[in-house]
Amino acid sequence: MFKDFILKSHLLSGLLLAGSLSACGTANVIGAMLSPTAAVQHAASGTLLEHVSLANSRDMLVRVNDPAALARIQQQLQITGQDLLSAEAGLYRLRIPVGQSLTRSLSAVAQLPGVAYAEPNPSFKLPDFQIQQEAAVQPNDPNYGLQWNMRSSRINQAWGLTNQNPTLKIAVIDSGVDPNHPDLVDHLEQLEDIYNEEHGPDIYRNISGDRINFGGRDGNGHGTHVIGVIAAAMNNQVGVAGVAGGGVRIIPIKATDYAGNTDAATLTAAFQRAIDRDARVINISIGGPASKSTQALTDVIRLALQRNISIISATGNESNRASGLISPITVPAAYPGVIAVGAHTEFDQVASYSNGGGEIDLLAPGGAGRSRVQEEGQQIWSTWPSYHTYEYFQRRVTSTYYAATSGTSMACPHVTGVVALMLAREPQLTPAQIRSRLIATADDMGPAGFDQDSGYGKLNALRALRWTSHDARD
Ligand SMILES: [Ca+2]
Ligand SMILES: [Ca+2]
């Protein structure tokens, strides 16, 4: 994984798992997020329905064959006015005085010379209808108010367009996962421990001399965070909501040790395992400089693409744009056919750490870099292991179930989650069509058109899901 992965610990744990709003103060934020679109539509339809429902029991509709019959009706009812509804058909509406019986009046009028018929004016009502689907969806997860990223990418509006797909499989090649995390457990397939197969047990020895075996689980936290962005259960009244948290299966593929170290052979085996497990999408928030590219990794990625598997990878965090340093895109993100994702901030700027270059496709929310929260806004909230990981012993990042971090590692799974939503609606899409769709529907940033900092622009999940043409750019 990327060494520059930036993390902020936070004490959200027990209270949030219990569904409390008091610990994090999200209630006000959530209260302010009602969709103005929905509100306008409610108001408009409410006005219309109220008008239509004013059924008037004193109205009478009559058809006359002879204009002179109108005078006879008015005399019968002891009224003076009428509304013309159709001159050609001789249709009028009249209103009988208060206190007169409608039934008796109808009967009397119907018998007058020149009257074809007289009838009441029944009320009608618009059929029940759904609010247009671009209205934002508001999950009940207590920390959803902190998830600016879902609104920034219009993921909350995309949620209204799909019921998601609870059987779609997404492989996440990373540091593993907390297999018992309450906000993830329902979406997890059996973990594949490629690290153990290639290198043996993932054992950390802390300064007290304890041996902690992280075999079969996430020894770091990075993988648990990435998986939460994609698949944290939505609307379960716990923690946060993942982009595809309404239904998806995650195949966690542990390919690094607790400190995030791995090698090309392990990654190659991890890709093959994702293919063998029938994944439709692979998320790999891991990268290295182009000098570390291998033919084996190139070949297995080409094989995965040929097997109709979309691959989404992060561009890397080695830049410091605030100081004018822009590092090239790492591999495998830079490989052909792989969707390369950089990071933007809460304030819609390219994140200072986000790598750039000709292979970048688009940006997604990655959050503020270290010490740049003032300039760049908030980080990305997601799931974190329920036990102490290496990050605890190194940096005292406590086991809180949830944590805010930032990096292109966090941007990447946003795109992966949106790809899952796209496949839920259109299962036949190919990796090339998915990539074309994502870049054609991104919101342009910076210089007009493609640029090496932001690619084709910022992820727009709503547009990506609504787009129905496949003749996108390249
Ligand atoms: Ca949740
Ligand atoms: Ca641009």
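Model, not experiment: these values are computed from the prediction.

Each value, and the rule that gives it
- Once a new chain begins, its residue numbering starts again from 1 and follows that chain's sequence as written.
- Here chains are named by letter from A upward and ligands by number from 1 upward, in the order in which they appear as written.
- Given that this is a predicted model, residues contribute local features only at a pLDDT of at least 70 and side-chain atom pairs are listed and counted only at 80 or more, while totals for whole chains, interfaces and linings are drawn from all residues.
- The angle between two axes is taken between their N-to-C directions and runs from 0 to 180 degrees, where each axis is a line fitted to C-alpha atoms and a helix contributes only its stretch in contact.
- Strands are runs of DSSP state E lasting at least two residues, helices are runs of H or I lasting at least four, and both sets are numbered from the N terminus onward.
- Two helices that cross are described as forming a left-handed crossing if the nearer one is turned anticlockwise from the farther one by less than a right angle, and a right-handed crossing if clockwise.
- Placing a C-beta atom from the backbone of each residue, one calls two residues in contact when those atoms lie within 7 Å.
- The quantity called pLDDT is the predictor's confidence in a given residue, expressed from 0 to 100.
- DSSP calls a pair of strands paired once it identifies at least 2 bridges connecting them.
- Counting other C-beta atoms within 10 Å of a residue's C-beta gives its exposure: the residue is buried at 20 or more, exposed at 12 or fewer, and partly exposed in between, where C-beta atoms are placed from the backbone.

**Some remarks on the packing of helix α9 (residues 222–231) against helix α14 (residues 408–425)**
The geometry of a pair of packed helices is captured by two quantities: the angle between their axes and the separation between those axes.
Link 1 in the chain: At a minimum axis separation of 8 Å, α9 and α14 run at an interaxial angle of 35°. Of the two elements, α9 crosses α14, and the hand of that crossing is right-handed. Packed against α9, whose contacting residues are H222, V226, V229 and I230, the element α14 presents S409, M410, P413, H414, T416 and G417 at the interface.

**Observations concerning the confidence of the model for the protein**
Link 1 in the chain: With 84% of its residues at a pLDDT of 70 or more, the protein has an overall mean of 85.
Link 2 in the chain: Contacts from residues 128–133, a stretch scored under 50 in pLDDT, to residues over four places away or in other chains number five contacts.

**Quick notes on the sheet that holds strand β5 (residues 115–120)**
Link 1 in the chain: Strand order across the open sheet formed by four strands is β3-β4-β2-β5, with antiparallel pairing between neighbours. With partners counted over all chains shown, the strands left at the sheet margins are β3 (83–86) and β5, one partner each. Each neighbouring strand pair of the sheet contributes to a mean axis angle of 25°, computed without reference to strand direction.
Link 2 in the chain: Pairing of strand β2 (residues 59–64) with strand β4 (residues 91–95), which is carried by five bridges, proceeds in the antiparallel orientation. Residue pairing across strands places R63 opposite L91, the latter belonging to β4.

**Some thoughts on the sheet that holds strand β10 (residues 249–254)**
Link 1 in the chain: Pairing is parallel in the open sheet, where seven strands are placed in the order β7-β10-β6-β11-β12-β13-β14. The open sheet has two edge strands with one neighbour each: β7 (192–193) and β14 (362–365).
Link 2 in the chain: Where strand β6 (residues 169–174) lies against strand β11 (residues 281–284), four bridges are found, and the strand directions are parallel. For A171, the partnering residue across the bridge sits in β11 and is I282.
Link 3 in the chain: Across the sheet, α14 touches β6, β11, β12 (310–314), β13 (339–344) and β14, and the angle it forms with β12 is around 160°.

**Here we look at the pairing of β2**
Link 1 in the chain: Side-chain alternation along β2 places M60, V62 and V64 on a buried face and D59, L61 and R63 on a face that remains uncovered.
Link 2 in the chain: Where β2 and β5 come together, five bridges link them in antiparallel fashion. Within β5, the residue paired with L61 across the bridge is E119.

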